[in-house]
Structure formats: structure tokens, C-alpha cells
Amino acid sequence: MKKILYKLTKKYWFLLSLDHAKKNDFTVKNGLFKNLKINKDISWGKADIASKVYGLYENNIQKVLAKIKKPILIDIGAADGFFAIGCIYSGISKHCYAFEQSDLGRSALAKTAEMNQVSENITIKGEVTNQNFLSLLPQNIDFSKAIVLCDIEGGEYSFFTEKILKKLEKSHIIIEIHRTQNKNDEIKLMKRVKKSFNVSVIIGSNNDFSNSPELQEMSDIDRNLIACEGRSYIGKWWYLKPL
């Protein structure tokens, strides 16, 4: 019975989220990326689109990005481009190098950039590894002027080698940390990053509904479903700040 109710809840969450996205014309209403147009052809995270519309999606990460504000964004695992395009659109960054392994994701990225008239400010690349990463960026890139945002579903543990971390030691880096079967993965990565960075751990989101009258009028259940990001466990990020 619990499994059936869980499936029904996820279905309701998806329909509720999509309904609110449509009501707001797939446009962000609040937060750092206000007025950003969201691509209707969603390739990733279809049910969390309303949390993006209301400015709630990974809002703690949005706050960190607003404080850093660097001219270059390197987005590893850019998906549909919410952060890649959002940072350009909002003026957080002037140019983004967006890496996305899926063809569907790259097409969505390009379309979202076009919708928001920032196509000239983004360079879209395919799959990135610790072997080809540096070669896919301009040789003269100034990493001290860059934010690196990484969400690669557990690939962070092999991607951030000592070589890459040394190259990025003047950058500000935000890594979404994923669980793996090997608990030592996180311990080993923390040891590597601490050689060049101060590390702040960010847990979950801090939702503020004060600027969303629509959400204030909802039931607690619907409001929290709108804010839901559908994770199987609470989100965790590391913010790496140069020593």
C-alpha cells in the first residue's frame, strides 16, 4: 500500500508542479533568476519545475552564487541550463562553459539560451572527464575569475583529481555531493580539496515563502510539494573557497 501511495504522491507532485509552471508561463517569478524563461521541453527534473519558477530550487546555492559573482561560470553537469543560463541572465557571470553529456540536455541548453537571448554568452560542450576537462577550455582562461559548479551524480569523486584541484586553486567551486556505496569516497575527496581550499558544507534548502503570495495561500501539503526537489536524501554541497 505504501508503495502505491508513494507513486500516486509523485504523480500528483508532477501534475501540481507542471500546473504552476503553466500558470506562470514557465517564467521564474522570484529569486536570483527572476524573469528567466524556462524551457518547456524539460530533459531533467520535470517535477521540480515549479520550485524553479518560484525561486526555491537549490536556493542556498543561488545565494552563494550571488555573493561570489565571477565573470566566468564553468558548469559541469549543466542539464537544461537552469544555473548555466540563469547566471548569465542575472549578471552573475558574463560567459558560461556548460558541460552536459546527453544530447537532449545540450539541445535544451541551446534552446533555453536562445529563449533568453544569451546564446553568444554560452559555450556548450559534451561529456567531460578529468582527462579532457582542461583541453576543452580556452588555454588562456583565468581561473581566478571563475566559478565552477559541479553536479555529476557521484562522478565528482573521480573528476576532482589533485591535478585538476591544483589548476583550479584560485577558483570558487561548488560541488554537489552524492552518496556512493563506498563511504571512503567522500573522506578521500575532502582530504584532497582541503589542500587548496577552505570548505563549507551546505545542507538542504532554506525556503522563504514571504515573496510568494500564491504559495502562502496553498495548503501546507501543496506548498511543500511545490518546494520539493524529489531527492531520495537531503541535498549536500561543498563550497570550496581558495585559501
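Residues numbered from 1 in each chain as written. Predicted model: local features only at pLDDT ≥ 70, side-chain atom pairs only at ≥ 80, totals over all residues. Heavy atoms only, no water.

## Some remarks on the environment of K63
Working step 1: Counting through the fold element by element, K63 comes out in helix α3 (residues 59–68).
Working step 2: As a C-alpha pair, K63 and L32 span 31 residues in sequence and 7.8 Å in three-dimensional space. (Helix = DSSP H or I, 4+ residues; strand = E, 2+ residues; numbered from the N terminus.)

## Quick look at the environment of Q117
Working step 1: Secondary-structure assignment places Q117 in the loop between α5 (103–115) and β3 (122–125).
Working step 2: Judged by its relative accessible area of 74%, Q117 falls in the exposed class.
Working step 3: The spatial distance from the C-alpha of Q117 to the C-alpha of K10 is 34 Å, given a sequence separation of 107 residues. (Buried < 20%, exposed > 50% of the residue type's maximum accessible area, 1.4 Å probe, protein only.)

## Focus on the pattern of salt bridges
Working step 1: For the coordinates displayed, the defined rule picks out 11 salt bridges.
Working step 2: One continuous salt-bridge network, built from bridges that share partners, spans E58, E176, E229 and R231. (Salt bridge = Lys/Arg side-chain N within 4 Å of Asp/Glu carboxyl O.)

## Some remarks on the sheet that holds strand β5 (residues 172–176)
Hydrogen bonds along the backbone pair up the strands of a sheet, which may run parallel or antiparallel.
Working step 1: Taking strand neighbours across the sheet as the criterion, the seven strands line up as β3-β2-β1-β4-β5-β7-β6 in an open arrangement whose pairing is mixed. Of all the strands in the sheet, the pair left with one neighbour each is β3 and β6 (197–203). For this sheet, the mean angle separating the axes of adjacent strands, direction not counted, is 15 degrees.
Working step 2: Across four bridges, the pairing between β5 and strand β7 (residues 236–242) is antiparallel. Considered in β7, the bridge of I175 is made with W238.
Working step 3: Running at roughly 170 degrees to strand β1 (residues 72–76), helix α4 (residues 82–90) makes contact with β1, β2 (95–99), β3 and β4 (146–150) of the sheet.
Working step 4: Lying over the sheet, α5 contacts β2 and β3, oriented at roughly 170 degrees with respect to β3. (Pairing = 2+ DSSP bridges. Axes fitted to C-alpha atoms, helices over the stretch in contact; angles between N-to-C directions. Contact = heavy atoms within 4.5 Å.)

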